[in-house]
Amino acid sequence: MKLAAWLATGELRAHPGRLLVALAAIAIGVALGLAVQLINASAATEFSQAVRATTGQADFEIRGPRGGFDDRVLERVAADPAVAVASPMVEVDALVLDGAETRNETRILKVIGIDPFRAGQVTPALIGVPAADEEGMALLADDALFLSPAAQAWLGVAPGQTLGLQSGLEVVTLRIAGGLPGARPRQRLATLDIGAAQWRLARLGVLTRIAVRLKSGSDLAMAKARIAALLPSGVFIAAPEDADVRASNLSRAYRVNLDVLALVALFTGAFLVFSTQTLAVARRRGEFALLRTLGWPARQLQAYVVAESAALGGAGSLLGAFAGIGVARFALDLLGGDLGGGYFAGIVPALIVDTPTVGGFVLLGVLAAAAGSLMPALEIARAEPAQALKSGAEAISAHGMGRDWPGIALLLAGAVLTQLPPIDGLPVAGYLAIVCWLVGGISLMPGLAGRTFAACARWLDVRAGGWPFAFLSLQRLAAAPSQAGIALAGVVASFALMVAMAIMVGSFRDSVDRWLGRVLAAPLYFRVPAGGNSAFVPPEALTAIAAQPQLERFEWLRILQLDLDPRRPPVTLMARTLDKRDPGRRIPLTGAALPPEAVKVGSVPVWVSEAMVDLYGWSVGSRQRLPLAGQAVDVTVAGVWRDFARQHGTVTMALDDYRRLTGDEGITDGALWPKPGIAPRELAETIRRAVPATRQLEFAEPGEIRAASLRIFDRSFAVTYLLEGVAIVIGLAGIGASFSAQVLVRAREFGMLRHLGMTRREVLRLLGLEAGGLTLFGIAAGGVLGLAIALVLIRVVNPQSFHWNMDIAVPWRLLGAVTVLLLVAAVSTALLAARQATGPGPVHAVREDW
């Protein structure tokens, strides 16, 4: 142990920069991975606990679509002999109007209407406490609202004041009668009497949930079966734990993909450790051989090399753990609990630092660093001491690196993995395919580089008189493929992963941009504020809008949420003005659609997004049952379309069919075509003046919608952009560490060249050409490998995670800029290191051979 510590500290003193670069790579990987995991876990936990607070002591709950179900269901449920209490609720995400103009933001408040007498027995946390100056009957008042402490602080209000909420297109003013001391500290929530909620928020005759507590000794399964038989279509019985599963499924694909992308930095760091540790072992080859000669066993020497890297990984992991906790705190404040993904709107989670999670990431960093040192450790243990002493430190080798069959086997295994289906909805095989292709591609680099440089050298052989330094550089690279493979490992890994992420994000953004150009056909659009479900445009307002003389034509759209599976996020129902014979004019179909005559009489044609095909198996021509207005409607899938706005599934039907089946005449969105010569902005102002109720609507032109949508996209992928930058930085650092270490190891080689008559400037020129050629080869190989990985991300990972398909778009400008950066960094680092290595003079450089 004393000897090992002496060797490690000596290496650290001799080359602190190289070790610090490897340590920083591990630290960055651990920090990013841990930060993403802590943020996601904190948000999911806060969301789950907030949902559980509204479930209380219920044995199960009855839940319907977001728009609600007939409140007469309550009578049937309460009449069951096993039911002790059935507590009804009306849940509305209401738009807060007070101060909206000055704050310039959309604020959505969750409002729950409760029966105080029944809620006290099931969900006591929802019972408000009247303020001191309120009467005892405030809980039953038709205008009394009770706010949680977090909601009061967020909205800047207190008991005794009023709050304006939107219902339809009207403003409902309620007084704040007290607080909700039972709410969670960060839960933004409001409650009021259920009758007042139904009346004030346009939910007459509607419930959204019923919390059920059974009598002691009742059979839970039998009670569920009896009650389930009484429920209308689209209304489910859900266990309390289903809320946790539902909350997790809401953002699981997004969270897992962020975790995997965050580990890219750690994975790249492992290759950097491999590169730097291999060169460190090669430089100390003579020292290790001497230790073997003096009696240190090969196995202990091998364990020392691995332990040295593990210690480096441990230091980097601890540093990364502290940094990750700090990054998580900052990101929660800046981007929220969903990191810009929009999954946990309204949730303000407190950071939960989970010790096992932190420990797991620290261990992962240690293992990554140790894995990077396995090959050099095995090589030094296999080396014969006498031969190592004779050959000197410049003899760098990597046992097995020149063999092609392991790399080919990994590439074939990756190809097989890309054909496998997802596991539990996650593209596990796709991620493994990426790992196989990355490791396999890098393992092929020595042999491929040797053959490539040898072929180039043969081509230059007859022209050597014209390019002698290029010829010598190619000969040297062809003669030392193992050294080339060591230097290429970090370059190829970082550049391939950076290329893959850049192509994936660029393709996604380009596809979204073109999709928006396809779906935004009208010159002017309006919608109710996003995020809530309390706003809608009533029929009388629609009639007034349609009567405007400046309006040539219009199309209406109604969007609402339906539950097809209580453990999955809701599906979006989109009822819109649509030509059934040519639906492709309004929705981007992915294939041919069924004509109206192909749909059987009595069945309603619908067009579904790609997610519905993947998640629920709704294929073209299939007949399904769609819960709508409390009844199961027979529908036929007439086509599949691409929807980049909703990942959990969308069902589109003609607006006239929807109105006929439900009787709902309201809408949430509209597309307007002004008459010739009328500007869209002019039409919007005319409608606002003529129909004052529309002042709460959001009017926008297609360009504004596209710009806002792309801003949301960029915000959602902010972490991915950060990881791209990290991959570039790690790649630059890896190139610097690899080339500087290689140059220092080859000091005696440069001394011999100086003895043979080459000047110092010529040696620098030779090395610059060598570094440039090797880097260009690494960039080309990394580019090809990155493109292959990008295809897996685009064709396998994204469809299996988010059920989106996209076209490939390569960001040539970004890749060109990064290529120039890497090339300049490689050549500059090699030249700087060469100046140091060739500075002492040729005699000093070869003194050990005398």
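Residues numbered from 1 in each chain as written. Predicted model: local features only at pLDDT ≥ 70, side-chain atom pairs only at ≥ 80, totals over all residues. Heavy atoms only, no water.

Caption draft 1: How the structure looks around the overall build of the protein chain. Check the secondary structure of the protein chain and you find 29 helices and 21 strands. Looking at the protein chain residue by residue over its 850 residues, the buried ones come to 54%. In the structure as shown, the protein chain presents an accessible area of about 35,000 Å², 61% of it carried by carbon and sulfur atoms. (Helix = DSSP H or I, 4+ residues; strand = E, 2+ residues; numbered from the N terminus. Buried < 20%, exposed > 50% of the residue type's maximum accessible area, 1.4 Å probe, protein only. Areas by Shrake-Rupley, 256 points an atom, 1.4 Å probe, with all protein chains shown as cover.)

Caption draft 2: Spatial organisation of unusual backbone geometry. Not every positive phi belongs to a glycine, and A202 is a case in point at roughly 55°. Note on placement: A202 falls in the loop between α7 (194–200) and β10 (206–207). Of note in this structure, A629 is not a glycine but carries a positive phi near 55°. Looking at the secondary structure, you find A629 in the loop between β17 (623–628) and β18 (631–641).

Caption draft 3: Focus on the packing of helix α15 (residues 405–417) against helix α16 (residues 428–443). α16 packs onto α15 with a crossing angle of 160° between their chain directions and a minimal axis gap of 8 Å. On the basis of the axis angle, α15 is roughly antiparallel to α16. Taken as a pair, α15 and α16 cross one another with a handedness that is left-handed. Contact with α15, carried on its side by P406, G407, L410, L411, A413, G414, A415 and L417, involves A429, L432, A433, C436, W437, V439, G440, G441 and S443 of α16 and no other residues of that element. Classifying every residue of the contact of α15 with α16 gives 12 nonpolar, five polar and no charged. (Axes fitted to C-alpha atoms, helices over the stretch in contact; angles between N-to-C directions. Parallel < 35°, antiparallel > 145°, perpendicular 65-115°, else oblique. Left-handed = near helix turned anticlockwise from the far one by under 90°. Contact = heavy atoms within 4.5 Å. Nonpolar A, V, L, I, M, F, W, Y, C, P; charged D, E, K, R; others polar.)

Caption draft 4: Representation of the side chain of D634. In this fold, D634 is placed in strand β18. Among the polar contacts listed, one links the side chain of D634 to the side chain of S603, at a separation of 2.7 Å. A distance of 2.8 Å separates polar atoms of two side chains, one belonging to D634 and the other to R623. Dropping the residues within four chain positions of it, D634 is found in contact with G602, S603, V604, R623, Q624 and R625. (Polar contact = N/O pair within 3.5 Å; in protein donor to acceptor, adjacent residues only side chain to side chain.)

Caption draft 5: Main features of the packing of aromatic side chains. Tallied over the entire structure, the rule returns eight aromatic pairs. Residues F802 and W804 carry aromatic rings whose centres are separated by 5.4 Å and whose planes lie at 15° to one another, so their mutual orientation is stacked. Ring pairing ties together the aromatic residues F508, W515, F644, F802 and W804, which thus form one cluster. Between the NZ or CZ atom of R200 and the centre of the ring of W199, over which it lies, the distance is 4.6 Å. Sitting over the ring of Y616, R568 keeps its end group 4.9 Å from the ring centre. (Phe/Tyr/Trp six-rings, centres within 6.5 Å; stacked < 30°, edge-to-face > 60°. Lys NZ or Arg CZ within 6 Å of the ring centre and 35° of its normal.)

Caption draft 6: Highlighting the sheet that holds strand β13 (residues 524–527). Strand order across the open sheet formed by nine strands is β17-β18-β16-β19-β15-β14-β20-β13-β21, with mixed pairing between neighbours. Strand pairing shows two members of the sheet lacking a second neighbour, β17 and β21 (698–700), which therefore form its edges. Across the sheet, the mean angle from the axis of one strand to that of its neighbour is 30°, orientation sign disregarded. Two elements, β13 and strand β20 (residues 669–674), share four bridges in a ladder whose sense is antiparallel. Each bridged residue has a counterpart across the sheet, and for L524 the counterpart in β20 is L672. Together, β13, β14 (551–562) and β20 form the strand contacts of helix α20 (residues 539–546), whose direction differs from that of β14 by roughly 155°. Against the sheet, helix α23 (residues 680–690) makes contact with β13, β14, β20 and β21, and its axis sits at roughly 160° relative to β21, the strand it touches most. (Pairing = 2+ DSSP bridges.)

Caption draft 7: Structural view of empty space enclosed by the protein. If you walk through the whole model with that rule in mind, you get seven cavities of 30 Å³ or more. When its volume is computed, the second largest cavity comes out at roughly 50 Å³. Taken together, I114, P116, L126, I127, G128, L139, F146, T191, L192 and D193 form the lining of the second largest cavity. Taken together, the residues of the lining of the second largest cavity sort by class into seven nonpolar, two polar and one charged. (1 Å grid on protein atoms, 1.4 Å probe; cavity = no way out; pocket = protein on both sides within 12 Å on 5 of 7 lines; lining within 4 Å. Points joined across faces, edges and corners; volume = space filled by probe spheres on them.)

Caption draft 8: Spotlight on the pairing of strand β19 (residues 650–654). With respect to burial, β19 is a largely interior element, five of its five residues being buried. Side chains of β19 alternate between two faces, with T650, T652 and A654 and V651 and M653 buried alike. Strand direction decides the pairing type here: strand β15 (residues 571–576) and β19, joined by five bridges, are parallel. Bridge assignment links A575 to a residue of β19, and that residue is M653. Taken together, the three bridges between strand β16 (residues 604–609) and β19 define a ladder with antiparallel strand orientation. Looking at β19, one finds that V606 is bridged to M653.

Caption draft 9: Layout of α15. In this model, α15 (13 residues) spans 18 Å end to end at C-alpha, consistent with the 18 Å of a helix rising 1.5 Å per residue. Buried within α15 we find G407, G414 and L417. Down the axis of α15, the smallest arc covering the buried residues is 85°, so these residues share one side. Among the exposed residues of α15, those oriented more than 90 degrees off its buried face are W405, L412 and V416. (Expected span 1.5 Å × (residues − 1). Arc of directions from axis to C-beta.)

Caption draft 10: Up close: the confidence of the model for the protein chain. Per-residue confidence for the protein chain gives a mean pLDDT of 81; residues scoring 70 or more make up 78%. Within the model, the stretch residues 392–401 combines pLDDT values under 50 with 33 contacts to residues more than four positions away or in other chains. (pLDDT = per-residue confidence, 0-100.)

Caption draft 11: Geometry of the pattern of salt bridges. Under the defined criterion, the tally for this structure stands at 30 salt bridges. In this structure, R706 engages D513 in a salt bridge whose closest nitrogen and oxygen atoms are separated by 3.4 Å. Separated by 193 residues along the polypeptide, R706 in helix α24 (residues 702–716) and D513 in helix α19 (residues 481–519) bring together distant segments of the chain. The partly exposed category is assigned to R706, whose relative accessible area is 32%. What makes D513 partly exposed here is its relative accessible area of 24%. A cluster of three or more residues bridged by salt bridges with shared partners is formed by E61, R63, R66, E91, D93, K110, R209 and D563. (Salt bridge = Lys/Arg side-chain N within 4 Å of Asp/Glu carboxyl O.)

Caption draft 12: Expanded view of a nonpolar patch on the surface. Residues F117, M137 and L140 make up a contiguous nonpolar surface patch of roughly 330 Å² in combined accessible area. By the element assignment, L140 lies in the loop between β5 (129–130) and β6 (144–147). Residue L140 is classed as partly exposed on the basis of its relative accessible area, which comes to 32%. (Patch = residues over 30% accessible without salt bridge, like charges linked within 9 Å, V, L, I, M, F, W, Y side chains within 5 Å.)

Caption draft 13: Structural view of the packing of α16 against helix α27 (residues 760–802). Taken N-terminus to C-terminus, the directions of α16 and α27 make an angle of 175°; their axes are 9 Å apart at the nearest point. Overall, the two elements α16 and α27 adopt an arrangement that is roughly antiparallel. Across from G430, Y431, I434, W437, L438 and G441 in α16, the residues of α27 making contact are L785, A788, I789, V792, L793, V796, V797 and S801. Classifying every residue of the contact of α16 with α27 gives 11 nonpolar, three polar and no charged.

Caption draft 14: Representation of the environment of A654 in the model. Examined against the element boundaries, A654 turns out to sit in strand β19. Under the relative-accessibility criterion, A654 is labelled buried at 1%. Residues A654 and A575, spaced 79 residues apart in sequence, show a C-alpha to C-alpha distance of 5.5 Å. Those residues in contact with A654 that lie beyond four places of it in its chain are R576, L578, K580 and W607.

Caption draft 15: Molecular detail of the pairing of β13. Strand direction decides the pairing type here: β13 and β21, joined by three bridges, are antiparallel. Residue pairing for β21: Y525 is matched across the bridge by A700.

Caption draft 16: Here's a closer look at the environment of L432. Mapped onto the elements, L432 comes out in helix α16. The exposure class of L432 is partly exposed, given its relative accessible area of 45%. Each C-alpha atom, one on L432 and one on L417, is 7.1 Å from the other, the two residues being 15 residues apart in sequence.

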